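Coordinates in review
In case you want the letters, here they are:
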Amino acid sequence: MNVMTDAKGATPPPVPAKLEDNNLPLTLMRDILMKTIYRRSLSTTSEISKAICLPFAQTQTLIDAARGEHLLEVTGTLHANSESKEMGFQLTEAGKRHALAALSLSEYYGPMPVPLDDYAQQVGRQSVRNIKLTRDELQRSMGDLILPQGVMSTLGPAVTSGRSILLYGPPGNGKSSIANGIRDALGDHIYVPHAVTHAGQVIAVFDPVVHNRVPEPAETGNRLRLSSQRHDPRYVLCERPTVMTGGELTLDMLELKYNAAARTYQAPLQFKATGGVFIVDDLGRQEEPPQALINRWIVPMEMNYDILSLQSGEKFLVPFDTLVIFSTNFHPNEIFDQAALRRIFFKIKIDGPDQEDFLKIFALVARKRRIPLNEDALIHLLENKYPSIDNIYANYQPVFLIDQMISICQFEGKPLHMTPALIDRAWANMFVSDEVIVK
């Protein structure tokens, strides 16, 4: 069978041919149908079809079944749309009672969920481990970042393996920028379900904060949708997701979120990042010990599945297909034991630049900021300033110093330029001298 892919290589989940091919209990679909009509005051098949993310014909089958149970009735009103007129429907009194009873059990309504097992198959079709990147593609994604020699040769295999990565080294040398560059290098699309279901519980997955929707061809909104559907409408075509966390990360953020008032579940961060990248920045700055955070990732990173728990205490497996990138300013031996380090597949040190690379970065930033280089200023910087910090260079410093000089020039109403005096003023803002503050 030929498998259709979209322009960015994503393999679409096939459109269910019949209602039963959605692999959902009829009672679950009926309840979501009734709750959605009640909450959103919908009346036509095309409106309902769009809201519950089922093809038109399957939506009509659900509506007919609900009419057979006297939960819906025809209003007798024809509603005009772009190409035809549709009969209107409304909830009967029994239908309203049914909708309210269903809402008392779970407030979830809207798109039909995807069974977890079906979603696991889709995850395999669009796995982050299937991505193949060339050196040039990865280098382009880093923009103007100048990496230490040899880093790209290690970084490339790490990214294409889809295995965990630890970036470590002194602060200010681009570890976060590298992590962002890796995210940008992925560049293709995947399909994300609005929600998944397990053991009768619906778990919301699609999150517009995490998932960037890719525009798709407009659909007509009527019966012709069934024949023109490109993929299972319960999924959304998105860019590969990226979740970035920092010092705010806690262990409970990696567990299912249960809203007791609405009786609904929200997928945890790493589940939303499935098929993409999860970046833990500033590891070691969280309230949780780094060792505890790493221990939470050991099973997912080794076994390619995660274990989540429902409110009832039932545990279940979910696919784990995520490139996890840890970034820290600490030496790994300071924050992990050797058992934890073995579980992180790639460990890449990101050092600061040498003087030659520092000058390349400085010149590059100056050109982008349109501030002319000045030989006297550079000599002053290298001979008088850097010896005071043992000639330790960092990637952030050229940007910091040049932006400081630009701000001074703009405030004083002078053309952009650099001088030894401006270097001194910029340098004074880059470091804070040790002193006793009298309180």
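Placed above this text is the structure.
Structure report, in brief. Every chain begins its residue count from 1, and numbering advances along the sequence as written. Only residues with pLDDT of 70 or above have their local features reported here, since the model is predicted, and side-chain atom pairs are shown and tallied only from 80 upward, although totals for entire chains, interfaces and linings are computed over all residues. Neither water nor hydrogens contribute to the side-chain values; these are computed over all heavy atoms in the structure.

**Details of the packing of helix α14 (residues 355-369) against helix α15 (residues 375-385)**
Each axis is a line fitted through C-alpha atoms, and for a helix only the stretch in contact is used; angles between axes span 0 to 180 degrees, taken between their N-to-C directions. Secondary structure is summarised from DSSP: a helix means a run of H or I of at least four residues, a strand means a run of E of at least two, and numbering begins at the N terminus for each. Relative to each other, α14 and α15 sit at 145°, their axes nearing to 13 Å. Note that α14 runs across α15; the crossing there is right-handed. Across the interface between the two elements, Gln355, Phe358, Leu359 and Phe362 of α14 pack against Leu378, Leu381 and Leu382 of α15. Each crossing gets its hand from how the near helix is turned against the far one by less than a right angle, where anticlockwise is left-handed and clockwise is right-handed. In this analysis, two residues are considered to be in contact whenever any of their non-hydrogen atoms come within 4.5 Å of each other.

**Things to note about the pairing of strand β7 (residues 201-204)**
Pairing between two strands is assigned when DSSP locates at least 2 bridges connecting them. Both strand β6 (residues 195-198) and β7 contribute to a ladder of four bridges, which runs antiparallel. Each residue of the ladder has a partner; that of alanine 195, found in β7, is alanine 204. In textbook terms, the turn of a hairpin is the stretch between consecutive antiparallel strands, and for β6 and β7 this stretch comprises two residues, one of which, alanine 199, has a positive phi near 55°. Of the strand pairs in this sheet, β7 and strand β11 (residues 264-266) are connected by two bridges, and their pairing is parallel. Across the sheet, residue isoleucine 203 finds its bridge partner in β11, namely tyrosine 265.

**Comments concerning unusual backbone geometry**
Backbone phi values are negative for most residues with the exception of glycine, while trans is the configuration of most peptide bonds. Of note in the backbone geometry, serine 41 takes a positive phi value of approximately 50° without being a glycine. You can see serine 41 is positioned in the loop between α1 (26-40) and α2 (45-52). The exposure class of serine 41 is exposed, given its relative accessible area of 63%. Although it is not a glycine, asparagine 304 sits at a positive phi angle of roughly 65°. Within the secondary structure layout, asparagine 304 lies in the loop between α11 (290-303) and β13 (305-309). Accessible area is worked out with a 1.4 Å probe on protein chains only. A residue is then buried under 20% of its type maximum, exposed over 50%, and partly exposed in between. A relative accessible area of 39% means that asparagine 304 is categorised as partly exposed.

**A short note on the sheet that holds strand β10 (residues 257-259)**
Spatially, the five strands line up as an open sheet ordered β3-β6-β7-β11-β10, and their pairing is mixed. Each end of this open sheet is capped by a strand with a single partner; those strands are β3 (114-115) and β10.

**So, the packing of aromatic side chains**
Under the pairing criterion, centres of Phe, Tyr and Trp rings, with the six-membered ring standing for Trp, must be within 6.5 Å; the plane angle then separates stacked pairs below 30 degrees from edge-to-face pairs above 60, leaving the rest tilted. Taken as a whole, this structure holds 12 aromatic pairs when the rule is applied. Between tyrosine 119 and phenylalanine 271, the aromatic rings sit 5.9 Å apart at their centres with planes inclined by 45°, giving tilted as the arrangement. Of this pair, tyrosine 119 sits in helix α5 (residues 116-125) while phenylalanine 271 sits in helix α10 (residues 269-272), placing them 152 residues apart in sequence. We classify tyrosine 119 as buried; its relative accessible area is 2%.

**A few points about the pattern of salt bridges**
Here, a salt bridge means any side-chain nitrogen of Lys or Arg that lies within 4 Å of a carboxyl oxygen of Asp or Glu. Enumeration over the complete set of coordinates arrives at 20 salt bridges. For arginine 296, the salt bridge goes to glutamate 255, with nearest N and O atoms at 3.0 Å. Taken as a pair, arginine 296 in helix α11 and glutamate 255 in the loop between β9 (242-245) and β10 lie far apart in primary sequence, 41 residues in all. The partner of lysine 385 in a salt bridge is aspartate 424, with the nearest N and O atoms 3.1 Å apart. You can see lysine 385 sitting in helix α15 and its partner aspartate 424 sitting in helix α17 (residues 420-430), a full 39 residues away along the chain.

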